[in-house]
Structure formats: C-alpha cells, structure tokens
Amino acid sequence: MARPRSENVQINISIPNEWKKELENLARIYSVEEGRTVTFLDLMRRAIKEKFQLGEGDGE
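A few points on the structure. (Residues numbered from 1 in each chain as written. Predicted model: local features only at pLDDT ≥ 70, side-chain atom pairs only at ≥ 80, totals over all residues. Heavy atoms only, no water.)

**As for the nonpolar core**
In this structure, L23, A27, V38, F40, L43 and M44 together form the largest nonpolar core, which totals six residues. Breaking this core down by element, the ones donating at least two residues are α1 (17–34) and α2 (40–52). Per-element tally for this core: the top contributor is α2, with three residues. Excluding residues that lie within four positions of it along the chain, V38 makes contacts with A27, Y30, S31, L43 and R46. (Core = buried A, V, L, I, M, F, W, Y, C linked by side-chain atoms within 4.5 Å. Buried < 20%, exposed > 50% of the residue type's maximum accessible area, 1.4 Å probe, protein only. Helix = DSSP H or I, 4+ residues; strand = E, 2+ residues; numbered from the N terminus. Contact = heavy atoms within 4.5 Å.)

**Quick look at α2**
Between its first and last C-alpha atoms α2 spans 18 Å; for 13 residues at 1.5 Å apiece the expected length is 18 Å, and the two agree. Along α2, the residues that are buried comprise F40, D42, L43, M44, R46 and K49. On its buried face, α2 sits against α1. (Expected span 1.5 Å × (residues − 1).)

Shown next as structure tokens:
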C-alpha cells in the first residue's frame, strides 16, 4: 500500500552557520523545558508561524 501524500512541501534554504549554532543551543534548552525533543528546524517553523500568524500545518 502506498503512503498517503503529504500536503507539506520541502524547500532548501541557506542560513549562516552562526544562526544554526544558536538555534541548536536554543533547541536544547526548549527540549529540557518542554520534556520532549525540539530541533532547530522546529524552532524555525514556530518562528515563521508566529511571525506571519499562519495556521497549524501538518509539520508538528
């Protein structure tokens, strides 16, 4: 049986290495606070959703 298609789309972006390091450090802090694994990509998704007041997607 085939896997159902996702409504999500994958994009490739470049960010400065320093941003990635800072986001990874913040993700570790959030992971401890929330008691679950939070990745730097999760933080980027959250920031975009909050900044542009986007609705919930399948990403989380």
